[in-house]
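Topology and contacts: notes
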Amino acid sequence: MSNHENFMRMAIDLSEYNVKEGQGGPFGAVIVKDGMVLARSANKVVSNNDPTAHAEISAIRLACQELGTFSLDGCEIYTSCEPCPMCLGAIYWAKIDKIYYANTKADAAAIGFDDHLIYQELNLPMEKRKLPIVQLMRDEALSAFKLWGEAENKEDY
């Protein structure tokens, strides 16, 4: 078995364990750097009462803590399912180099984890989305952006 298969087996094992133990959804993720596992997590939405605690995001948080950085450049993620839009965004923000996945988003949709609405909504103008989105106080909020633009001690990410 290759290292890729070993790491994916870890992610799949996490997803199965999560279901068997009643901890939440059937998702697991493992983050690897230089052939070593940095972090692993199952989905923690139910157990943590946190809708953002998907396996990928939970693993990203753990890996960042382990490395003491917000960038996971040089890392790869192995996930038991194709990442949802939120997790995919987090993977890009974390600067992970590569994604390996097992189940597809269609497989997830078939068991009730359907992200189709989110993908549709992202393609619509804001005024046509199901969730009302209202802009308020832009002029006041721009002051923080101006401060950031002028800050000498900022760390870009």
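Each remark here, short or long, concerns the structure printed above.
Okay, so let's go over this structure. (Residues numbered from 1 in each chain as written. Predicted model: local features only at pLDDT ≥ 70, side-chain atom pairs only at ≥ 80, totals over all residues. Heavy atoms only, no water.)

1. Quick word on the pattern of salt bridges
Cut-off, in case you're wondering: The salt bridge criterion pairs a side-chain nitrogen of Lys or Arg with a carboxyl oxygen of Asp or Glu, the two atoms within 4 Å. A run of DSSP states H or I qualifies as a helix once it reaches four residues; a run of E qualifies as a strand once it reaches two. Both are numbered from the N-terminal end. Categorising residues by exposure relies on relative accessible area from a 1.4 Å probe, with only protein chains included: less than 20% of the type maximum marks a residue as buried, more than 50% marks it as exposed, and the intermediate range marks it as partly exposed.
Enumeration according to the criterion identifies three salt bridges in this entry. A salt bridge links K146 to E150, with the nearest nitrogen and oxygen atoms 3.9 Å apart. Placement of the pair is K146 and E150 together in helix α7 (residues 138-150), with a separation of four residues, close to one helical turn. With respect to burial, K146 and E150 carry one shared label: exposed.

2. Regarding unusual backbone geometry
Phi is positive for K95, close to 65°, though the residue is something other than glycine. Note on placement: K95 falls in the loop between α4 (85-94) and β4 (98-103). Relative accessible area serves as the criterion here: at 37%, K95 is assigned to the partly exposed category.

3. What to know about the nonpolar core
Note the threshold: To form a nonpolar core, buried Ala, Val, Leu, Ile, Met, Phe, Trp, Tyr and Cys residues must be joined to one another through side-chain atoms within 4.5 Å. We call two residues in contact when some of their heavy atoms are within 4.5 Å.
Counting residues in each nonpolar core, the largest one holds 22 residues, and the members touching the most others are I31, I60, A63, L72, I77 and I96. Contributing elements (two or more residues each) for this core: β1 (28-33), β2 (36-42), α3 (55-67), β3 (75-81) and α4. The biggest single contributor to this core is α3, with six residues. Sequence-distant contacts of I31, defined by excluding residues within four places in its chain, comprise M36, V37, L38, A39, A59, I60, A63, L72, C75, E76, I77 and I96. Among the nonpolar cores identified, the runner-up in size contains nine residues, and A11, V30, V32 and Y78 belong to it.

4. Here we look at the side chain of S41
Among the secondary structure elements, S41 is positioned in strand β2. Judged by its relative accessible area of 2%, S41 falls in the buried class. In this view, S41 contacts L14, F27, G28, A29, A55, S58, A59 and L62; residues no more than four positions away in its chain are not counted.

5. Points about the sheet that holds β2
Selection criterion: Note: two strands are recorded as paired if DSSP finds a minimum of 2 bridges between them. Between N-to-C directions, angles cover 0 to 180 degrees, with each direction set by a line fitted to C-alpha atoms, over the stretch in contact for helices.
What the four strands build is an open sheet, ordered β2-β1-β3-β4; its pairing is mixed. Every interior strand has two partners, whereas the edge strands, β2 and β4, have only one. Sheet twist, expressed as the average angle between the axes of neighbouring strands with direction ignored, equals 15°. Two strands pair when backbone bridges link them, and β1 and β3 are joined in this way by five bridges, in the antiparallel orientation. By the bridge assignment for β3, V32 is matched with E76. Each of β1, β2, β3 and β4 is contacted by helix α1 (residues 3-20), which is oriented at about 45° to β3, the strand it contacts most.

Interpretation note: all reported values are geometric properties and have no functional meaning in isolation.
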